Each structure stands twice: as structure tokens, then as C-alpha cells.
Amino acid sequence: NAGVTQTPKFQVLKTGQSMTLQCAQDMNHNSMYWYRQDPGMGLRLIYYSASEGTTDKGEVPNGYNVSRLNKREFSLRLESAAPSQTSVYFCASSAIVSIDSYGYTFGSGTRLTVV
Amino acid sequence: QKEVEQNSGPLSVPEGAIASLNCTYSDRGSQSFFWYRQYSGKSPELIMFIYSNGDKEDGRFTAQLNKASQYVSLLIRDSQPSDSATYLCAVMGRRALTFGSGTRLQVQP
């Protein structure tokens, strides 16, 4: 099925460990995004990639790095995990078809706990 | 001031009633506005978008936009228990969508 695939779905890390969250889309979308969602905080943008080969910081980039490997894949790396990074992480993609169509398609999310 | 503000709720309505969800935004230059529905433990799914002043209807859902008042709303007619979820308002910024914290809707059978 077409869509956005995130792996893993669940992860527990110890403080200081590193990991990479993977995201792939098969809708030929140009733009991809990483958000985190915390209780009462809504979705906050970590990084985004407007097109293949470009990445930019969002609202909460500290402690994260990203790689836009190709048009399909956009990964998020935590170099040294901290308890404050315990969250649900969502990857999304979008294609601007017309001025009235910027809707995002979200992956199923990764629930990350840092102990 | 948050860029996109929503009442966290919960908003409780009886089955069959109209649910009214509200959202205000701070960037007067914003052009596109979105409503997402998120069930507990699931990812957000797009239900409506609007970019012109006035109303836009899609089935039981109506989105209303008032740019002068920087106000977006979502009306759900004939509310069903299956509509119980968190509704996220999102505004298209210069970089990406900015989301509100969401309003939790409970539809009582």
C-alpha cells in the first residue's frame, strides 16, 4: 500500500545511546518532515527537507540530525539520547499539487522512551 | 503567544449533536489551514483544508475561515461516537505546517 513507512514502531534507549529512525515514502513526494509529539504540546517540527538534497531546521532541532538519503528516504538520528527526547516521532511527506493542496501524509509513528 | 491555539478540551457532546471546534492563529499572512483527526495511539489524518474566507463543506464536516479575525473552526454535524478523537488545527507557515495542541472531542452515545 502507498504511504509513509516508519521503523521501528517502538524503541527503548538508555541515556547516551544513539539510534536512527527510518522513514520512507512511495508517493513520489518532494517534501518530507520529522515531528515529535508530546502530551499537551501538539506536533513540533524537528527538521524538514523541501526536496532531495536539502534539509533545514525546524522548531526543535537540538539533539537531532537528519539525512535525506534520496527522494524516498529521510532519516532522523539521535547521537546521544536524553530523557527529554522521550516522545512519539512522526515522519510525514507532502507534494504541492496546487495552492489548495498541501496535505501531509503521516507515518504510523515511533514511540521512543529514553531511560 | 503560541502560533496556533486550541482549547484542549475535552469537548463533550451527545450523539447526533453538532460539535464545534475552534482555532486561532497568530501569523496574519497565513494562507492555508488544515484540520487533522487523531485517534488515540494513531497518526494524524487529514479531514479538511481551507484557504478562502467563508465555509467549506465535506459531508458532515464544515470548515469555517475568518482571516480578519484569524480564526478557523470545524463543525461536525450529526456527531457519532466514532468521531471521538483529538482534532488538530494546522496552519501552513513559511517552512511547514504548524500545529495546535489539539482539542479532544468525546461524543456520548
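To start, this report covers the structure provided alongside it. Everything quoted here is computed from the prediction, not taken from an experiment. (Residues numbered from 1 in each chain as written. Chains lettered and ligands numbered in written order. Predicted model: local features only at pLDDT ≥ 70, side-chain atom pairs only at ≥ 80, totals over all residues. Heavy atoms only, no water.)

### Describing the overall build of chain A
Here's step 1: Helices and strands together make up the secondary structure of chain A, namely zero helices and eleven strands.
Here's step 2: Put simply, chain A runs from its N terminus to its C terminus through helices and strands in the order β-β-β-β-β-β-β-β-β-β-β.
Here's step 3: A compact globule built from 115 residues would reach a C-alpha radius of gyration of about 13 Å, and chain A, at 14 Å, matches this within 12%.
Here's step 4: Along the first, second and third principal axes, the C-alpha atoms of chain A reach 45 × 30 × 30 Å.
Here's step 5: Split into buried and exposed, the 115 residues of chain A put 47% on the buried side.
Here's step 6: Contacts in chain A between residues far apart in sequence, at least 24 positions, make up 55% of those at least 6 positions apart.
Here's step 7: For chain A, the computed accessible surface area is about 5400 Å², with 49% contributed by carbon and sulfur atoms.
Here's step 8: For chain A, the distance from the average position of its 10 positive side-chain charges to the average position of its 8 negative side-chain charges is 8 Å. (Helix = DSSP H or I, 4+ residues; strand = E, 2+ residues; numbered from the N terminus. Rg over C-alpha atoms; globule rule 2.2 N^0.38 Å. Buried < 20%, exposed > 50% of the residue type's maximum accessible area, 1.4 Å probe, protein only. Contact = heavy atoms within 4.5 Å. Areas by Shrake-Rupley, 256 points an atom, 1.4 Å probe, with all protein chains shown as cover. Lys, Arg positive; Asp, Glu negative; His and termini not counted. Charge placed at Lys NZ, Arg CZ, Asp CG, Glu CD.)

### Digging into the interface of chain B and chain A
Often the size quoted for an interface is simply the accessible area lost on bringing the parts together.
Here's step 1: The interface of chain B with chain A comprises 20 residues on the first partner and 23 residues on the second.
Here's step 2: When the two sides are added together, the surface that chain B and chain A hide from each other amounts to roughly 1600 Å², 61% of it contributed by carbon and sulfur.
Here's step 3: Between the two partners, chain B and chain A, sit zero salt bridges.
Here's step 4: At the boundary of chain B and chain A, one finds five residue pairs in polar contact (both at pLDDT 80 or more).
Here's step 5: Looking at the side of chain B that touches chain A, the elements with two or more residues in it are strand E4 (33-38), strand E5 (45-50), strand E9 (85-92) and strand E10 (97-99) of chain B. (Buried area = accessible area lost by both parts, 1.4 Å probe. Salt bridge = Lys/Arg side-chain N within 4 Å of Asp/Glu carboxyl O. Polar contact = N/O pair within 3.5 Å; in protein donor to acceptor, adjacent residues only side chain to side chain.)

### A few points about the layout of surface pockets
Here's step 1: Estimated volume of the largest pocket: approximately 490 Å³.
Here's step 2: For the lining of the largest pocket, the secondary-structure elements that each account for two or more residues are strand E4 (31-38) and strand E9 (87-94) of chain A together with E9 of chain B.
Here's step 3: Sort the elements by how many residues they give to the lining of the largest pocket and E9 of chain B lands first, with three residues.
Here's step 4: Within this model, the second largest pocket holds a volume of roughly 320 Å³.
Here's step 5: Taken together, 20 residues form the lining of the second largest pocket, with Glu3, Gly93, Arg95, Ala96 and Thr98 of chain B sitting closest to its centre.
Here's step 6: Mapped onto the lining of the second largest pocket, the elements with two or more residues apiece are strand E5 (42-49) of chain A together with E9 and E10 of chain B.
Here's step 7: Residue classes in the lining of the second largest pocket are distributed as ten nonpolar, four polar and six charged. (1 Å grid on protein atoms, 1.4 Å probe; cavity = no way out; pocket = protein on both sides within 12 Å on 5 of 7 lines; lining within 4 Å. Points joined across faces, edges and corners; volume = space filled by probe spheres on them. Nonpolar A, V, L, I, M, F, W, Y, C, P; charged D, E, K, R; others polar.)

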